[in-house]
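Given next are the chains, with one letter for each unit.
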Amino acid sequence: MKEQLAERLLARVMNWDAEDVAAERPILQAMAAYKYDEYQQFYPGMRFLESLALWLSDLTDPAHKKEAYQFVRKRLIFFSNAEIQHLVSIAYPDFIRLRILRRAAEGIGLNPYYLGQVAASTAFSVFQRSCLFLGLSDGARTDFFRRCNEEAISHEQILQSYEITEDRVGKLLKKLREDLIKIDVQLPNAATAQFSTVVLLDDFSASGTSYLRSNADGGIKGKIHEFSRDILNVESAVAKLVDPLNTRIILLLYIATEQAVSYLTEILTRFWAPSNIQFEIVVVHLLTSAIRIQPGDPLEPILEHYYDKQALEDEHTSQGGQGVKFGYAGCGLPVVLSHNTPNNSIYPLWARPPKLRALFPRVSRHKEL
Amino acid sequence: MKELRNPFLLRASEHIEADATFVRLFGPGALELLKSDQPFATRIFLSAAGGGKTSLLRLFTPGPLLELHKHRDVDDYRELYEKMQGLGAVDENGPRLLAVLLSCDRGYVSLADVGLDHAKQTRLLFALLDARLLLAALRQVCALKRLKSDDQLRRLEFKRLPTSTELPGLTLPCTGDVLQAWAKQREEEICAALDSFNPEETNANGSDGLLALDLLKPGSFLLDGQPVAEHVIIMFDDVQKLTSLQRDRLIRFVLDKRSTTPVWIAERLEALNRDELLDLGSIEGRDYERVFLENYWRGYARRFENVVINIADRRARDSRSVEISHFQACLEDSLDGTEWEEKFKLAISTISTRVRAKALGTSLFDKWVAERDSLQGTARERAIAWRTLEVLIERELRRKQATLGFALETETLAEKSDASIKAAAELFIANEFGFPYYFGASTLAKLSSFNIQQFLALGGQQFEEVISTVVINPLEPPMLTAIRQEAILVKASRAMWEEIPRRAAEGSRVKMLLESIGAFSKWYTERPTAPNDPGVNAIAISMADRDRLRDPSWLPLHPEHRLLAEVLASALAHNLLDAQPNYKCKGQLWLVLNLNRLLCVRYHLPLGYGLFKEQRLDELVRWMEKGFDSKRQAEDELI
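The structure presented is a predicted model; accordingly, all values stated were derived computationally and were not measured.

Analysis parameters
- Residues numbered from 1 in each chain as written.
- Chains lettered and ligands numbered in written order.
- Predicted model: local features only at pLDDT ≥ 70, side-chain atom pairs only at ≥ 80, totals over all residues.
- Helix = DSSP H or I, 4+ residues; strand = E, 2+ residues; numbered from the N terminus.
- Contact = placed C-beta atoms within 7 Å.
- Domains from an automatic or database assignment.
- Nonpolar A, V, L, I, M, F, W, Y, C, P; charged D, E, K, R; others polar.
- Core = buried A, V, L, I, M, F, W, Y, C linked by C-beta atoms within 7 Å.
- Buried ≥ 20, exposed ≤ 12 C-beta atoms within 10 Å, placed from the backbone.
- Pairing = 2+ DSSP bridges.
- Axes fitted to C-alpha atoms, helices over the stretch in contact; angles between N-to-C directions.
- Parallel < 35°, antiparallel > 145°, perpendicular 65-115°, else oblique.

Chemist: Describe the overall build of chain B, and please don't skip the residues or the numbers.
Modeler: When helices and strands are tallied, chain B shows 25 helices and 15 strands. For chain B, the spread of C-alpha atoms along the three principal axes comes to 95 × 70 × 40 Å. A sequence separation of at least 24 residues applies to 77% of the contacts in chain B between residues at least 6 apart.

In structure tokens form, the structure reads like this:
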């Protein structure tokens with residue numbers, strides 16, 4: 001669709017006069033050019049303006065159109081690729097490095113505010129080299145993370161996945177021990193050293209359930225469960241990488257909601273307490289609960305009116321414990337990521353026809369067969 | 001690249017990256033500013049932000065000159081080319097001028113922050129300016145002669161002229177690459193001194209003055225043995241970014257030097273101190289030309305209107321959203337259409353009833369009323385005629401001198417119904433019956449208060465709505481109604497008022513004083529007899545009072561006047577007030593202080609010039625502190 005046609009359709013759908021068009025069009029064009037057109041599920045002829053016009057045209061009630069449009073203008077949160085890359089780029093220097101500095105300061109008995117002295121210490125170099133970074137999904141962007149931190153972190157500290165082969169474990173440990181001796185030839189036990197910190201990286205968490213959750217049958221599932229099982233299983237090769245009692249595990253999320261942090265804090269405490277594993281959840285950009293769309297919100301009539309259970313729910317969405325009227329697990333997010341829309345966002349953003357099409361079409365992880 | 005929707009939004013010259021776009025959008029009429037026997041004489045260009053200084057300077061630099069020469073046969077460029085040819089900047093063979101443009105927005109202020117004494121600071125400033133001017137000259141020569149890489153600088157020879165002074169560490173003549181290396185090193189030495197912990201002990205040598213004025217001459221640069229340009233000019237832009245000491249030393253040196261290399265200095269009004277601001281416009285008799293842009297255009301209002309409408313046409317043509325060749329044609333400029341007829345007839349009915357009531361009991365106005373009853377013309381014209389009559393009857397009724405009771409003649413009515421009173425009547429009708437008053441391209445030009453950026457901002461808002469009408473209905477001709485034009489202007493005026501406290505020093509007081517001037521003007525304009533027709537939109541203080549505001553012996557004794565002077569200077573610096581000094585009226589000389597025309601919209605004031613009422617300093621102080629009180633004013637007048 002040509003952009004001008006989309007604009008005309010939008011003006012007609014919204015019943016705008018020239019004054020409204022003059023006020024809204026520059027903003028919409030700027031928003032589209034600045035961010036929204038880069039959404040990876042758009043395609044030529046169907047960019048933001050076209051999608052917005054068609055999406056609003058699906059809403060039958062003029063009041064719904066107005067409310068939905070205001071939502072897009074004022075409340076929608078779109079993380080562009082550049083913004084996510086920025087979060088990745090500051091994750092180590094602004095978040096993890098500070099923790100390593102603090103740990104090194106404790107180790108050598110220095111005032112943790114003497115940052116220059118601590119950073120120049122051998123202890124810091126040892127702690128920094130003994131830190132292992134593992135991606136929990138391709139959203140972890142370990143390639144970009146590695147390039148951003150080339151000066152501080154070696155390639156043998158960053159892995160795309162938490163599922164590590166035995167061969168790889170051997171190589172990681174060999175290289176770690178060689179490097180530690182280079183840093184400090186007198187380092188005790190360098191020949192048997194293990195990683196002292198493991199940082200699990202991921203891009204986005206809304207509910208936290210994909211990391212760890214209880215099944216209906218009482219079992220536990222999730223990525224962190226799998227990782228934990230490996231490091232606690234002495235038969236596993238991965239267990240050789242760390243000493244669970246002396247290793248600090250950091251779950252580093254580039255973007256996460258308060259809901260996810262709260263859920264994960266509670267469930268990980270319960271999960272790891274018996275094994276005495278020390279952990280911390282670090283969020284680079286926290287989404288506060290204030291952004292959530294919850295029952296009673298002005299958008300609720302729209303969520304009620306166009307909800308299509310058949311088109312939107314399946315066996316995967318049911319794991320969230322409720323329907324997806326407010327998004328998966330009732331997260332009620334107004335969030336779109338440049339590569340996809342999380343299903344934790346309110347469903348009109350990623351809906352499926354016939355009742356309502358998506359403003360930002362979503363690619364599902366679970367393919368329907 | 002996204003298509004350009006609204007080219008009016010490309011405001012500042014700095015934001016139009018491509019020289020071709022810049023030249024295409026440049027309004028040739030702006031060159032009127034240079035009308036003189038010596039277009040390239042030393043000048044100081046002054047204006048508020050957006051007056052068009054940077055655009056003017058940029059036009060003479062190599063990129064735009066080359067573009068202009070390349071497109072000299074294209075319609076859109078021809079007029080500008082011919083004007084530039086007339087000035088001697090370009091001819092059939094290409095650019096003839098080497099303009100060395102240097103922005104002062106490059107950290108010169110930090111020279112003042114490192115604790116050096118004034119003398120040393122000034123010497124380093126001159127040395128740094130020299131180094132950067134020479135580097136800029138090399139860049140401009142390369143651009144002018146299309147030298148693509150630094151390797152080609154060897155083809156350039158920098159000659160030693162009889163006027164040349166010695167540059168420390170450089171022997172002339174030299175090649176371009178040697179000059180570049182020397183200038184870079186000099187710049188680095190001075191910057192290193194600034195970065196050092198002890199700049200007092202720096203080895204960087206300063207300079208007694210701008211050596212570049214002696215070095216940059218038409219024959220200084222030779223490319224393959226040939227001079228690169230017939231004229232050389234040095235341009236300093238954004239001089240307001242310097243400290244007042246730096247600015248003072250630079251300007252004084254340039255003016256004292258009287259170099260044969262002309263220098264253009266462009267600075268915003270905010271660079272001027274309080275006394276200079278209060279002296280704006282009194283510039284006759286200087287041995288250099290100081291061009292205060294807004295002031296200049298006020299003297300040639302019609303020309304300014306043509307200039308900005310030409311700029312608007314160029315911008316409108318550049319839009320990819322809509323095909324418009326004349327912006328003016330998109331703005332409704334008359335209320336004579338049938339859609340207004342009924343409303344005007346209603347106005348005629350109301351006004352004529354009032355007139356008859358006023359004329360009741362006297363035969364004095366019988367012929368005048370009969371004349372209006374028989375008047376032909378559009379409903380709008382008749383409504384204005386009736387409202388004019390009402391004002392004239394009010395004036396007659398309030399005359400202290402008794403009449404003989406004979407009916408006044410229709411010839412007298414015709415004589416008294418001049419353009420000014422008709423303009424007042426039109427304003428009264430608009431205010432009373434809700435007709436739009438601020439519409440049409442000519443009004444838009446007036447509302448810009450002779451500031452091009454202000455014009456583009458207002459025009460941009462109107463153009464946005466014009467192109468929006470095309471989005472909604474592509475088959476309709478793009479046209480903005482008078483009502484919508486006025487609504488947009490009212491909104492823009494409100495925004496300007498709201499911005500005052502954030503924009504100007506002493507912002508709250510400035511706003512209070514301006515609001516008082518506006519409220520007073522409205523109060524005075526709306527009097528039934530329409531004195532000073534068509535109304536008032538300015539105040540004036542006597543030049544004697546103006547001198548008091550600049551008098552160092554007066555101000556300490558009158559701190560309230562010092563504050564008033566500060567507030568007036570702040571308003572002048574931001575183009576919220578526009579000063580006309582030495583205005584002759586009633587046998588006295590006055591400093592007229594005009595409200596920025598966009599500010600007038602809020603108070604429904606007329607937009608002409610010379611519409612002022614005299615005020616005393618103490619009254620202005622009261623307005624500044626407490627606001628204008630119409631009751632008090634009325635009582636004062638009774639007394």
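Chemist: Quick rundown of unusual backbone geometry? Include the residues and the values.
Modeler: A cis amide bond links P353(A) with the next residue in sequence, P354(A), at an omega value of 20 degrees. In this fold, P354(A) is placed in the segment after β9 (335-337). Put simply, L172(B) and P173(B) share a cis peptide bond, and its omega is 0 degrees. Along the chain, the position of P173(B) falls in the loop between β5 (156-158) and β6 (174-175). Phi at N189(A) takes a positive value of approximately 60 degrees, unusual for a residue other than glycine.

Chemist: Go over the domain arrangement of chain A with me, naming the residues and quoting the values.
Modeler: Residue and element names in this part refer to chain A. Under the domain assignment, chain A is made up of domain 1 (3-80 + 292-349) and domain 2 (84-289). Relative to domain 2, the C-alpha centre of domain 1 lies at a distance of 36 Å. Contact residues are listed per partner, giving 13 residues for domain 1 and 10 residues for domain 2. Class assignment of the residues belonging to the side of domain 1 that touches domain 2 gives a composition of eight nonpolar, four polar and one charged.

Chemist: I'd like a description of the nonpolar core, backed by residues and values.
Modeler: What tends to happen in soluble globular proteins is that the nonpolar side chains get buried as a cluster. Core analysis: the largest hydrophobic core is formed by 295 residues, its most contacted members being L200(A), V100(B) and L572(B). When residues of this core are assigned to their parent elements, the largest contribution, 15 residues, is made by helix α5 (residues 118-144) of chain B. Apart from residues no more than four positions distant in its own chain, V100(B) is found in contact with L133(B), A136(B), A137(B), Q140(B), L216(B), I234(B) and M235(B).

Chemist: Before we move on, can you summarise the sheet that holds strand β4 (residues 97-103) of chain B with the specific residues and values?
Modeler: All names here are of chain B. The strand order across the open sheet formed by five strands is β4-β9-β10-β1-β11, and the pairing between neighbours is parallel. Across the chains shown, the open sheet's two edge strands, defined by having one partner strand only, are β4 and β11 (289-292). Within the sheet, the average angular offset between the axes of one strand and its neighbour, ignoring direction, is 15 degrees. The pairing of strand β9 (residues 231-237) with strand β10 (residues 263-268) spans three bridges and is classified as parallel. Within β10, the residue paired with F236 across the bridge is I265.

Chemist: Quick rundown of the domain arrangement of chain B? Include the residues and the values.
Modeler: Taken domain by domain, chain B comprises domain 1 (36-298), domain 2 (338-433) and domain 3 (504-639). On a C-alpha basis, the centres of domain 1 of chain B and domain 2 of chain B stand 61 Å from each other.

Chemist: Can you lay out the sheet that holds strand β7 (residues 248-257) of chain A for me, pointing to particular residues and giving the numbers?
Modeler: To summarise the sheet geometry, strands pair through backbone hydrogen bonds and adopt either a parallel or an antiparallel arrangement. Residue and element names in this part refer to chain A. One open sheet holds the five strands; their spatial order is β3-β2-β4-β7-β8, and the pairing between them is parallel. Two strands in the sheet have a free side with no partner beyond their single neighbour: β3 (158-159) and β8 (278-287). Direction of pairing for strand β4 (residues 197-205) relative to β7: parallel, over a ladder of eight bridges. By the bridge assignment for β7, L201 is matched with L252.

Chemist: Could you give me a rundown of the packing of helix α2 (residues 18-34) of chain A against helix α18 (residues 452-472) of chain B, with the residues and numbers involved?
Modeler: For the pair α2(A) and α18(B), interaxial distance at closest approach is 8 Å and the crossing angle is 105 degrees. It follows from the interaxial angle that α2(A) and α18(B) lie roughly perpendicular. Across the interface between the two elements, A18(A), E19(A), V21(A), A22(A), R25(A) and P26(A) from α2(A) touch E464(B), E465(B), S468(B), T469(B), V471(B) and I472(B) from α18(B).

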